[in-house]
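# Coordinate inspection notes
Residues per chain are reported as follows:
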Amino acid sequence: MSSDPILNLAAIPEEILTRVEARGISRRDFIKFCTMTTAALALPVTMVGKVAAAVADARVPVIWVEYQSCSGDSEAFLRANQPTAAELILDLISLEYAEVVMAAAGHQAEAAKKQAMEKYQGKYILVVEGSVPSGADGAYCTIGGESALEGCRKLVKNAAATICVGTCASFGGIPAAAPNPTGALSVMEVVPGAPIVNLPGCPVNAENLTATIVHVLTFGKLPATDGLGRPKFAYGKRIHDNCERRSHFDAGQYAQSFGDPGHRQGHCLYQLGCKGPETFHNCPTIRYNEGTSWPIMSGHGCIGCSEPGFWDTMSPFYRRLPKVPGFGIEDTADKIGIGLAAATAVAFGLHGVASCFRKHDAMEEDKVVKED
Amino acid sequence: MAQRIAVDPITRIEGHLRIEARLDGGKIAEAWSSSTAFRGIETILKGRDPRDAHHFTQRFCGVCTTVHSMASIRAVEDALKIQIPDNARLIRNLIMGIQNVQDHVIHFYHLHALDWVDIVSALKADPAKTAQIAQSISDWPNSSPEYFQQVRDRIAAFAGTGRLGPFQNAYWGHPAYKLPPEVNLIGVAHYLEALEWQKDVIRIHAILGSKNPHPQTFLVGGMAIPVDPDSQNALNADKIALIRKLLRKARAFVEQVYIPDLLAVAPAYLDWAGIGGGTGNYLSYGDFPMDNSPGTGSLFFPRGIIMGKDLANVQPMDEKKISEYVTHSWYSYSKGDNAGLHPYDGETSHKYTGPRPPYEFLDTDGKYSWVKSPRYLDQPMEVGPLARVLVAYGKGVPEVKAAVDFVLGKLGAPASALFSTLGRTAARGVDCLVLAQKNEQWLDQLANNMGRGIYETFNKEKWDPSTWPREAQGFGYHEAPRGALGHWIRIEHGQIANYQAVVPSTWNAGPRDPKGQPGPYEAALVGTPIADPQKPLEILRTIHSFDPCLACAVHVLDGTGTEIVKVRAL
Amino acid sequence: MLEIRYTWEWPVRITHWVNVLCMILLAITGVYIGNPFMTASETSQYIMGWMRFLHFSFAYLFLVSVASRILWMFIGNHHASWRAFFPWLTEDGRRNFIKMFRYYTFTGKQISYEVGHNPVAATAYLGIFCLFLFQIVSGFTLYGQMAPGGFWNSLTGWLLTLIGSQWLRLAHHGVMWLLAGFFINHVYSGWLMDVKERNGTMSGIFSGYRFIEPKDL
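Keep in mind that what you see is a predicted model, and the values were worked out from it rather than measured.

## Comments concerning the interface of chain A and chain C
- In this assembly, 52 residues from chain A lie in contact with 50 residues from chain C.
- Regarding the contact of chain A and chain C, the summed buried area is about 4,500 Å², with carbon and sulfur atoms giving 59% of it.
- At the boundary of chain A with chain C, the tally comes to 3 salt bridges.
- As a salt-bridge pair, A:Glu278 and C:Arg169 come within 2.3 Å of each other at their nearest N and O atoms.
- At the junction of chain A and chain C, the tally comes to 26 residue pairs in polar contact (both at pLDDT 80 or more).
- Among the secondary structure elements, those contributing two or more residues to the side of chain A that touches chain C are helix 14 (246-251), helix 17 (310-313) and helix 18 (333-356) of chain A.
- Here the element with the most residues in the side of chain A that touches chain C is helix 18 of chain A; it accounts for 14 residues.
- Residue composition of the side of chain A that touches chain C, grouped by class: 23 nonpolar, 14 polar and 15 charged.

## Considerations on the packing of aromatic side chains
Residue and element names in this part refer to chain B.
- If you walk through the whole model with that rule in mind, you get 55 aromatic pairs over all chains.
- For the pair Trp197 and Phe253, a centre-to-centre distance of 4.9 Å together with 25 degrees between the ring planes defines the contact as stacked. Of the two residues, Trp197 is situated in helix 8 (residues 181-201) and Phe253 in helix 10 (residues 237-265); the sequence distance between them amounts to 56 residues. Accessibility classification places Trp197 together with Phe253 in one group, the buried group.
- A connected cluster of aromatic rings, assembled from ring pairs, spans Phe108, Tyr109, Trp140, Trp197, Phe253 and Tyr258.
- Just above the ring of Tyr477 sits the side chain of Arg74; from NZ or CZ to the centre is 4.4 Å.

## Details of helix 3 (residues 91-104) of chain C
- Compared with the 20 Å implied by 1.5 Å per residue over 14 residues, the 20 Å span of helix 3 of chain C between its first and last C-alpha is a close match.
- As for helix 3 of chain C, its buried residues are in contact with helix 18 of chain A together with helix 4 (119-144) and helix 6 (165-197) of chain C.
- The first or second residue beyond helix 3 of chain C is C:Phe106, which carries a positive phi of 60 degrees.

## As for the sheet that holds strand 3 (residues 125-129) of chain A
All names here are of chain A.
- On the basis of which strands lie adjacent, the open sheet formed by 5 strands has the order 2-1-3-7-9 and parallel pairing. Each edge of the open sheet carries a strand with a single partner, namely strand 2 (93-98) and strand 9 (196-199). Taken pair by pair, the neighbouring strands of this sheet meet at an average axis angle of 20 degrees, ignoring direction.
- Both strand 7 (residues 161-165) and strand 9 contribute to a ladder of 4 bridges, which runs parallel.

## Looking at the pattern of salt bridges
- Summed over the entire model, instances satisfying the criterion amount to 48 salt bridges over all chains.
- The closest approach of N and O atoms between A:Glu150 and A:Arg153, which form a salt bridge, is 3.6 Å. Taken together, the positions of A:Glu150 and A:Arg153, both in helix 8 (residues 148-158) and 3 residues apart, correspond to about one turn of that helix.
- The partner of B:Arg482 in a salt bridge is B:Asp103, with the nearest N and O atoms 2.8 Å apart. With B:Arg482 in the loop between strand 15 (471-480) and strand 16 (483-492) and B:Asp103 in helix 4 (residues 86-112), this pair connects stretches of sequence that are 379 residues apart. Neither residue differs from the other here; B:Arg482 and B:Asp103 are each classed as buried.
- Ionic contacts of the salt-bridge type, sharing partners, join the residues A:Arg238, A:Asp241, A:Arg246 and A:Asp250 into one network.

## Things to note about the interface of chain B and chain A
- At the junction of the two partners, chain B supplies 101 residues and chain A supplies 96 residues.
- Scanning the region where chain B abuts chain A turns up 3 salt bridges.
- Notably, a salt bridge pairs A:Asp312 with B:Arg48, separated by 2.6 Å at the nearest N-O pair.
- For the pair chain B and chain A, the number of links is 21 residue pairs in polar contact (both at pLDDT 80 or more).
- Looking at which element gives the most residues to the side of chain B that touches chain A, the answer is helix 8 of chain B, with 7 residues.
- Residues that form the side of chain B that touches chain A fall into these classes: 47 nonpolar, 29 polar and 25 charged.

Reading the values: rules and limits
Residues numbered from 1 in each chain as written. Chains lettered and ligands numbered in written order. Predicted model: local features only at pLDDT ≥ 70, side-chain atom pairs only at ≥ 80, totals over all residues. Heavy atoms only, no water. Contact = heavy atoms within 4.5 Å. Buried area = accessible area lost by both parts, 1.4 Å probe. Salt bridge = Lys/Arg side-chain N within 4 Å of Asp/Glu carboxyl O. Polar contact = N/O pair within 3.5 Å; in protein donor to acceptor, adjacent residues only side chain to side chain. Helix = DSSP H or I, 4+ residues; strand = E, 2+ residues; numbered from the N terminus. Nonpolar A, V, L, I, M, F, W, Y, C, P; charged D, E, K, R; others polar. Phe/Tyr/Trp six-rings, centres within 6.5 Å; stacked < 30°, edge-to-face > 60°. Buried < 20%, exposed > 50% of the residue type's maximum accessible area, 1.4 Å probe, protein only. Lys NZ or Arg CZ within 6 Å of the ring centre and 35° of its normal. Expected span 1.5 Å × (residues − 1). Pairing = 2+ DSSP bridges. Axes fitted to C-alpha atoms, helices over the stretch in contact; angles between N-to-C directions.

Following this line, the structure appears as structure tokens:
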């Protein structure tokens, strides 16, 4: 055993390390990756060996398709750090199809997808980015002349598991925002009942994607999810409950305007419309871009991007509550409520004045005795 | 023999793009560009809070993330006449600057390089010879024979598994690949290095704006990142130092890797300086304000247009002269589909009339794309780094002039070589180099402001909608990595009444207009030689040189449209 | 001959006043939680913490109070009974409802004489109980988000999936204002009836006794 404490804890069989090393991966990097992933999955350190065995052998086939997407999740994948995208592509998975990075194009690309689907039927992991439009017979998104709707159904049905990256694939996302002009659907809606795990976020946090892939490799099954199909290890808590500014919230210290002294001192962004209290995501703990930052840390409230329908329910983004349906942008729930209360008071006040002048409507007139 | 071929989808771009083309005598005679995905975000924006618009528009694109936020907040600020603080201008310049630098490098290595660099050939390279070449073109430290040996072994081990993943089914071994194995190996090594580099330098976006892609820091009226040297929750000296380190890392890579590689690869492909020219009209909105004065006079990259490749005559640009056509796009206009509408009056009512999927070919006589056709004074215009650099060159911006002359000098090519596929790729390098060198200046100014106690990053004067006029309209411009980006907004009663975005790829990828004038992609493809219709690598070269940003597919058709040769994987 | 009748039994009176206390405290703390109008000057303060603590504590008290009152609907006298809240199920009730409605709208002169609630009031209280239940369910659903898989979350989590937390929050907020409107109406009507019926409407909710002339019934 090595004297390096990390190596001792991680207890990865020598034989696996040798094999990995032969593929040009540094042994220390590999151990670091396995340990961090084990931690990300909230597993005990004794599981490191199992994680290592799973990732060392697998190079599981992965097909990454994009439908109504902005490629933001693909880009997020390129920013992955533990492991990096290069390590993932070259060492850990076998990326059979991914429009943003693949060398092939056109029919050759489509053929690669088809080959992978057939060769690894029931074995590949499908990653879907973007929502699937159902309007106009699927013509709102076609690839190689085939509609996304048709392509998605086929790929999901033949996959071992499907990982929806980003809010569009998970819940419909921006194309499904009101009035949903293209009839955009989430993958869950396109293929109900299929083994799907949702990794919403706009874009997905690459660390959560890696952790999910490794979870599947290690245990041969999808991670436990909440009622919306989101893995509990990443979406099990509200941002608010893990937020670094929570103490300011409880104390009652709020930034009232961007750039004011409270804002500069890192006070709570609640009054600026932060949606941390209604959003389940692990942003505060893992952050983005190698743990550099995350929205609240850099002074902008959370917009709730991992919640279903967030474009409609979390907007206006700089207000606490959604727009009251049927009222203008300026009419907040409180303005309407105060108006309602005031109107009630005025109406009953007038009613009272009128009632005071009303004659002969009081009861028991006959029993009234006037005192001197 | 006339032939019809099809490539679908075009990969290594953002989005879904389809190109159909007719081949004659080994060359493209006609081409059609079609976007095959539609999301309707402009429709979704109607009735929403204009201050929220940038969150929505940013999701137009995750590759050129930030750019649609920038154009959107500028459109609202233009409509409401909001002056942003100087710090906000500098932070925006920094975000835009590093975005352009990072995006251009990703484009060159990860999206475009595989059109010129043959990975399979790199396996035959001699590491010692490779190291010799690498050391002769640059003093980048990663250039030892051992280093290249290691890269070659890693690729060989990967290829040895027989599972090539994203590198399978490509056009490896195509006769149009002209580089010696050693230069290919340098390309592969730097492909991997750039993959590491890009995720590191873009952390500047995370520092200034929480994350990348899709930073969350833009505001109508400024930026959300607070500036305060006395706070640990704001931009302070510590974070400035980290940004500086990353900016220097970015600059070093551009100066010592990207530009030398560009200059090493280009000589093998000088014939591409005569291919892929296209419309010859160029438009740049200009960007990177150097001070907070109103108007566009202070833009580092100036605003202007060039017609008919006339570099000596850069004309002023007036956004009022822009109109969009839908004659060949899957939309309808209330005034008839041959009308041209200015974006303020733009309509996005979609009407799909194309073939029902699955289909083989589009009807290119009718409507065939989800992209509209923008025109300037009814002329198709090319936008992008080339347009930006040409306008700046024509106007004599010293930094740009020096960089262009340096590159042209190294290649021994005249300025007219810029009007080509190779020119487009070289101009992107120039753009990247100039900005990589410029970025630190903006950081210095920001630090200087902080030193003088200027912390303001946000102008809250017009934040509350009750301060807004009943009706307002504004134009937001930006020079995105892929070119001139414009957003037009009309605000009524505090809500978005109309929103139109004319994005760089709309200018470039748009279909034909009512006069039948092809869009820039379509024009640029004409005359491109196709060595092997089964493997139309040449199409990818020209299309990728524009750095497309949409989801499409490419088809090539024969003269009569009868004989169909489908392009298949071998 | 006037009779003194024991109308409102002690559980009715206690839950009534506990509800009043809870509603006032929940509204004030709730408005603060929705829009913190006081700002702390030091991180050592705990304003929002206290507001939330009070809000949740009184929410539990309110839950117990409303639940007790509902239980009493099946135990107490006929004025407290659940039947009293559905006056339009009987012919008398319907007739008196119209009579009372006409009095309120100045189209009739006569108040319908009742020992307990008049039918219009009873109908309003039925609505108010529904709003109470809505506030309790939506409130505890939102509260349950802090502990996914916990008691409240397992009980009410489906509402978050079905409706979404933001719409629930908006509705929770909106219903508070409806209850505020009701509060104004209720105090006014109590005053009006006290003045016009002259049978101890106001004192009845403190003492439980009302003064009734049986022949006027």
